[in-house]
Amino acid sequence: MQERLFLIGFMGTGKTTVGLALANELKYAFYDSDQEIVKREGMEISQLFASKGEAYFRQVEAAVLSELSRLPKSVITTGGGVVLKQANRQLMQQSGYVVALSASPEEIVRRVEQDRSRPLLQSESDLKERVTELMRKRAGLYDFANLTVATTDRSVESIIAEIKQNLSISSH
Ligand SMILES: Nc1ncnc2c1ncn2[C@@H]1O[C@H](COP(=O)(O)OP(=O)(O)OP(=O)(O)O)[C@@H](O)[C@H]1O
Ligand SMILES: O=C(O)C1=C[C@@H](O)[C@@H](O)[C@H](O)C1
Ligand SMILES: [Mg+2]
């Protein structure tokens, strides 16, 4: 079994939700880079973006990822923008098995529209347009994953089953 699993994907694809349940099933430790940043900085992500800016957030995110990438038997879920830095992509590829979750823009809008915690989705423009534009800007950045799982119209249980099946194949 792989020592470390990383979950990557656009905002709202379910990384934190799926990762926590997967870690419980595998009896692995669970870490979420966004949650670690909140603990370390002592404020919510939206506050951090507002007070120190996105560039500062990205620096802390890279430092947190680097620490998490050394931990044994862990499921590590990441923020949607962690793939923006090439060094982060390389580190994850070298330190574990990387699973990308994907979802349609419509599904992402349904999942995140009631949640004000994501600063990059808080602009005045229409949420669907904002999601589509950001997805276009990030096209290809999640493609380095060992496995990509589509999550639209799928239960968390069936997503986990697909990941576990692929893990058992790739560890033989
Ligand atoms: N397979 C699914 N079907 C329906 N809803 C889901 C599914 N997976 C997650 N959700 C819901 O979508 C919302 C976003 O999920 P989650 O926070 O896990 O996404 P995320 O990928 O971690 O987002 P972020 O990149 O912003 O951290 C939550 O309300 C969660 O309950
Ligand atoms: O996609 C992104 O850039 C982000 C996703 C979230 O997980 C947080 O890391 C933050 O809101 C930025
Ligand atoms: Mg998350």
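Remember, it's a predicted structure, so these values are computed and weren't measured experimentally. (Residues numbered from 1 in each chain as written. Chains lettered and ligands numbered in written order. Predicted model: local features only at pLDDT ≥ 70, side-chain atom pairs only at ≥ 80, totals over all residues.)

## Some points on the environment of Thr 151
Looking at where Thr 151 falls in the secondary structure, it is placed in the loop between β5 (147-150) and α8 (156-170). Given 24 C-beta atoms within 10 Å, Thr 151 falls into the buried group. Those residues in contact with Thr 151 that sit more than four places away from it in its chain are Thr 13, Gly 14, Leu 101, Ser 102, Ala 103 and Ile 159. (Helix = DSSP H or I, 4+ residues; strand = E, 2+ residues; numbered from the N terminus. Buried ≥ 20, exposed ≤ 12 C-beta atoms within 10 Å, placed from the backbone. Contact = placed C-beta atoms within 7 Å.)

## Points about the UniProt feature "binding site: Mg(2+)" (unreviewed entry) in the chain
The positions UniProt marks with the feature "binding site: Mg(2+)" (unreviewed entry) are Thr 16. Here Thr 16 shows up in helix α1 (residues 15-26). Of the residues examined, Thr 16 has 18 C-beta atoms within 10 Å and is grouped as partly exposed. If sequence neighbours within four positions are ignored, Thr 16 has contacts with Asp 32 and Thr 77. (UniProt positions renumbered as here; feature names shortened; annotations may be inferred.)

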